[in-house]
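Descriptive structure summary
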Amino acid sequence: MLQEVEWGEFKVSDLFDIQNTNSFNTDVLVPGNEYDYVTRTSLNQGVLQETGFVNLENINSAGTWSLGLLQMDFFYRQKPWYAGQFVRKIIPKIELTEKSILFFTALLNKLKKRLLSVLVRDVDNIFLTSAISLPIKNNDIDFSFIDKFIAELEAERLAELEAYLSITGLKDYELTEEEQKALEDYDKIEWTEYNLEKLFGKSTRGKRLKSEDRLPGHLPFVTAGEAEEGVSAFIGNDVTVFSENTTTIDMFGSAKYRNYKYGGDDHVAIVHTENVPKYAAIFITSAIHKVSHCGKFDYSKNFYAKDADELYISLPSVKGSINFKIMEITTVPLKMGIGL
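Reference entry: report on the structure contained in this document.

Conventions and cut-offs
- Residues numbered from 1 in each chain as written.
- Predicted model: local features only at pLDDT ≥ 70, side-chain atom pairs only at ≥ 80, totals over all residues.
- Heavy atoms only, no water.
- Pairing = 2+ DSSP bridges.
- Helix = DSSP H or I, 4+ residues; strand = E, 2+ residues; numbered from the N terminus.
- Buried < 20%, exposed > 50% of the residue type's maximum accessible area, 1.4 Å probe, protein only.
- Contact = heavy atoms within 4.5 Å.
- Phe/Tyr/Trp six-rings, centres within 6.5 Å; stacked < 30°, edge-to-face > 60°.
- Core = buried A, V, L, I, M, F, W, Y, C linked by side-chain atoms within 4.5 Å.

What follows deals with the sheet that holds strand β17 (residues 263–264). Taking strand neighbours across the sheet as the criterion, the three strands line up as β14-β13-β17 in an open arrangement whose pairing is mixed. Single-partner strands in this sheet number two, and they are β14 (231–235) and β17. Looking at chain direction, strand β13 (residues 216–222) and β17 are connected through two bridges and run parallel. Along β17, the bridge assignment pairs Phe221 with Gly263.

This paragraph deals with the environment of Asp124. Relative to the assigned elements, Asp124 resides in helix α4 (residues 123–129). For Asp124, a relative accessible area of 23% puts it in the partly exposed group. Through-space distance from the C-alpha of Asp124 to that of Arg214 is 37 Å; in sequence the pair is 90 residues apart. Ignoring sequence-local partners within four residues, the contact set of Asp124 consists of Ile18 and Arg88.

Here we come to the packing of aromatic side chains. For any pair of aromatic rings, geometry is given as the distance between the ring centres together with the angle between the planes. Enumeration over the complete set of coordinates arrives at 16 aromatic pairs. A ring pair is formed by Phe24 and Tyr82, whose centres lie 5.3 Å apart and whose planes are at 55°; its orientation type is tilted. In this pair, Phe24 is assigned in the loop between β2 (16–20) and β3 (35–38) and Tyr82 in strand β7 (residues 81–83), connecting sequence segments 58 residues apart. Taking relative accessible area as the criterion, Tyr82 reaches 0% and is therefore assigned buried. Ring pairing ties together the aromatic residues Phe16, Trp65, Tyr76, Phe103, Phe104, Phe143, Phe145 and Phe149, which thus form one cluster.

Glancing now at the nonpolar core. Counting residues in each nonpolar core, the largest one holds 30 residues, and the members touching the most others are Phe16, Leu67, Phe104, Leu115, Phe127 and Leu134. Contributions of two or more residues to this core are made by α1 (12–15), β2, β5 (64–68), α2 (98–109), α4, β9 (131–137) and α5 (143–168). No other element matches the five residues that α2 contributes to this core. Those residues in contact with Phe127 that lie beyond four places of it in its chain are Val12, Phe16, Ile18, Phe74, Ile90, Leu108, Leu111 and Leu115. Grouped together as the second largest cluster of nonpolar side chains are 28 residues, Leu196, Phe200, Cys294 and Met327 included.

A word on the environment of Glu98. Note on placement: Glu98 falls in helix α2. Spatially, the C-alpha atoms of Glu98 and Ile150 are 9.9 Å apart, while their sequence positions differ by 52 residues.

Structure follows, in structure tokens:
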């Protein structure tokens, strides 16, 4: 289908503008969910958390894209948003249809490789001087074709998903009475703050292993970064092997659950949740990420194991003790794609 259409090249500066955002830290956020608080993270569409109204001058309007200056990911913002540090705002100069937003998001992200190759100070100029190819008709952007192409692509992917759900037995998945009640009562859960070190002991720091010293093997080796969940290589070196069912936190504060044995470098802290039930451990990883990946840590200020030991996380509790059961019950349906 793409081969049948005529293509034209357009300067990005004719289609979009790029602007800095007025940033602030999480300590000024307020309860509410009317606005997204967007940071340079690549997780959760760049949204660190939701917030209520903070002020008027820092609001970025919906209908724009955010660009995080770490992984250079473009995310379309469907509601007004605030920004953390190192986030740019991409403003369209053309009127877009609902389907074409998806198309242009993919095109913008094709610029990622080029933007990652330059210094942050040069990003704006490189972005604006780049060019993208678009379907055209009578020398204008062919939005009719774009809408039709995206619609057909969505239908194709939906059919693939239906087939997958049928094969895996998840197509008509129904919650148990226990799971349904847990989700209905989620807002009534009692929450308590717990210190990470008191819960799981001191966190462990990995050990540096230079790329040139890594021997080929089968052990996943975890470093900092979002690509491949931070697994940078599979090694055969004699290194400390950390247990499955644990949580890693990288130098940027990004927490990830590990359901396999692995090694880790010195930019990774390991939280020892191995004795916690699996789905409760996944829940705990999310709770850790919420407080560790807060915009405080970057190349100039790394997150270390000692920082993990000082974290306080909020967990469901009952009569003063951690409610592991409710964490397990609510995590299972979420894993199946059924939200709260």
